[in-house]
Amino acid sequence: MNFENAKKRIEELTNIINKHNYNYYVLARPEISDYKYDMLMKELIELEKQYPELQDSNSPTRKVGGQVTKDFATVKHKYPMLSLGNTYSKKELQEFDNRVRKIIGNKFEYVCELKFDGVAIGLIYENGYIARAVTRGDGYQGDDVTNNVKTIKSIPLKLFQKHNMPNIFEARGEIFMPHKSFIMLNKIKEKNNEQPFANPRNAAAGSLKLQESKIVASRNLDSYIYNILGENLPYDNHFDNLMLAKKMGFKTSEFTAKCKDLNHVFEYISHWEKERKKLDYDIDGVVIKINSHKQQEKLGYTAKSPRWAIAYKFPTEQAVTKLLDVAYQIGRTGAVTPVAVLKPIQLSGTKVKRASLYNADKINELKLHINDTVIVEKGGEIIPKIVEVDFEQREKNASPVIFATNCPECNTALVRNKGEALHYCPNQKGCPPQILGKIEHFISRKAMNIESLGQGRTEILIKNNLVKNIADLYDLTFEELYGLEKTIVNELYGTTKKISFKEKTVNNILNSIEKSKSVPFERVLYALGIRYVGETVAKKIALHFTSIDSLIKSDFNSLLEIPEVGEKIAGSIISFFQDNENIKIINRLKSKGLQFETDKISKKSDRLDGKIFVVSGVFEKYSRQQLKDTIEKHGGKITNSISAKTTYIVAGNNMGPEKRKKAEELNISLINESEFENLLDND
Ligand code: IVH
């Protein structure tokens, strides 16, 4: 076929396939057999291969995927992506209705829609083609996930007709994973020994952020469009624009309905509260919108959400099942979480096999016995929980659940510290899930960001005895890693194969380990995995003690000076550094070049040379440590107790009366924060 004919045929095929995609995925009314469809697609793929210059970035072949996104660019939203006010009761809806009536009077129409429980997306169309797909992000800017979104079958790449739609407009909607696809995906994940997704929403969100669009294509995501945004839209109301969007190729929900008053809204809600179980996707409520754009404008917005719309959230769904057993999960800090093993049951569209039991107190509070009939509930939280036991159904001689005495993984006796809710396995260095958990925490994105060691690779290193702790990562060599084997199930075809670490993988791993040496101190501190020291606390500590050495030397009371550090955190930090093994690991990491200081103390001036300071009390502008660092940077010396040699006492609030008395006796100058600053400026 010559170039001209190929061009024509590609155009023809594009239009035919787009039409069939629409029939199949949007209208659910296929007009040709799968076989015929596959033949058309095959023909197009081959023609594009033959004439790559004719391949369009919006060709239907994009639905198969193939593009790889390394980094998702951040894109600003033209219209902020707001959230919706939530209500859980009809009374609150009545109040919403009253507020609306006060502002726009009694002549208006509602539009009721399902509230899809997926991931919000903004699709920008330019001149009839999809130009960009952007996630919600923080509402003002999101991630450009265009390559991945193009693989979603119900999202049109080329619109059928333009009608009166402006050249540039945005279709907002929800991307979700239907239950069927979710169940299939998790089966594969379990086979691969990978963490399954907790629910379809997480699965959809995770899929959209995959780098390989081919895998996204295999995930069978779906979409509904629920809003059209742009200047000079064809209709002056929400409903008509949505109906037009459907004609243009978008998938909109057939259940979107106009309601003339609140009673009709209530009917719609009651209907879907019952019927939602029959849907093949999750909805968590109903969205109620004012139809007219003019009236929407008049109602306006709060800082976070429109005043012309509200979400009615369904009450949490419950189900009755049996407790088969109690299992125990060991986290990276050794915390033991009891998990109920349930007779599998369908709940809010997914099969539930496990429920969180939180801790021993919760088990006692529920008075759980093995084989009990229990009521489980799925709240906003991902993992369902047991809310009640049906005591009437309890079997005679049923045995009560007794909390494990030994770690199910390493058999060490569990401990529960006074005043704490959780049991711990104290075998921090030898308990396999703790070793794995610690390393996984260490390499995670917010910590050392050694992501190329993710996807089950850490486990292989542990299994092969290459790492037992975080410092071992920095001793890994190419020879040790090259050729290590991992079995995986192919998501696209469900086949299994063994893959070995190839040169590229090994180099990636080694490079990202090397790169991690420049990760700043506050993140290294977080990465160490000290119990209760999360990201924020680590930042505060790093700001206060600018190096690990001064942190290690610190005592309980000086730790308490740090904002957000209470006795529990301070105690945990002290005991972490009291453990010689941890100090050894830190020393090894230091020798490898990791960052253990925020800002190297480099001398800034010699204004305070020869002067001896005592710093006491609480300050407004600086932490005590910051003041001490500044003194040292300018040549001053710090001592802890006042003597005749002391030159200045920098005194903050709550300075002890004893110190004050001594200062007076020895006639030593007491200066406050701003006097101290003057010392630096003018001395
Ligand atoms: S309208 C300005 N309609 O719910 C408000 N949102 O908190 C625009 N959602 O993340 C939202 N179904 O992704 C609207 N039919 C629907 C929806 C819907 C689900 C999501 C949306 C947003 C959240 C609102």
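Computed from a predicted structure; not experimentally measured. (Residues numbered from 1 in each chain as written. Predicted model: local features only at pLDDT ≥ 70, side-chain atom pairs only at ≥ 80, totals over all residues. Heavy atoms only, no water.)

Q: An account of the packing of aromatic side chains is needed here, citing residue identities and associated values.
A: According to the stated counting rule, one finds 22 aromatic pairs in the structure shown. When the centroid spacing of 4.7 Å and the interplanar angle of 25° are considered together, the rings of phenylalanine 116 and tyrosine 224 count as stacked. Taken together, the positions of phenylalanine 116 in strand S3 (residues 110–116) and tyrosine 224 in strand S8 (residues 222–229) put the pair 108 residues apart, joining distant regions of the chain. For the ring pair phenylalanine 169 and phenylalanine 250, a centre distance of 6.3 Å and an interplane angle of 75° mean the geometry is edge-to-face. Taken together, the positions of phenylalanine 169 in strand S7 (residues 168–176) and phenylalanine 250 in the loop between helix H8 (238–248) and strand S9 (257–259) put the pair 81 residues apart, joining distant regions of the chain. The positively charged end of lysine 568 is found above the aromatic ring belonging to tyrosine 532, 4.4 Å away from the centroid. (Phe/Tyr/Trp six-rings, centres within 6.5 Å; stacked < 30°, edge-to-face > 60°. Helix = DSSP H or I, 4+ residues; strand = E, 2+ residues; numbered from the N terminus. Lys NZ or Arg CZ within 6 Å of the ring centre and 35° of its normal.)

Q: Just give me the short version of the sheet that holds strand S5 (residues 129–135), but keep the residues and values in it.
A: Reading across the sheet, the 4 strands line up as S5-S4-S7-S8 and stay open at both edges, with antiparallel pairing between neighbours. Strands with a single pairing partner mark the edges of an open sheet, and in this sheet they are S5 and S8. With strand direction ignored, the average angle separating the axes of adjacent strands in the sheet is 30°. In the packing of H8 onto the sheet, contacts are made with S7 and S8, and the angle to S8 comes to roughly 130°. (Pairing = 2+ DSSP bridges. Axes fitted to C-alpha atoms, helices over the stretch in contact; angles between N-to-C directions. Contact = heavy atoms within 4.5 Å.)

Q: Describe helix H3 (residues 90–104), with residues and values.
A: Counting along an α-helix, one turn takes 3.6 residues, and residues three or four places apart therefore face a common direction. Under the 1.5 Å per step criterion, the end-to-end length of H3 is 21 Å for 15 residues, consistent within 8% with the ideal 21 Å. Here H3 has its buried residues at Leu93, Phe96, Asp97, Val100 and Ile104. Axial view of H3: buried residues confined to an arc of 100°, hence all on one face. Across from the buried face of H3, at angles greater than 90 degrees, the exposed residues are Lys91 and Lys102. Once H3 finishes, glycine 105 follows within two positions and takes phi at roughly 80°, a positive value. (Expected span 1.5 Å × (residues − 1). Buried < 20%, exposed > 50% of the residue type's maximum accessible area, 1.4 Å probe, protein only. Arc of directions from axis to C-beta.)

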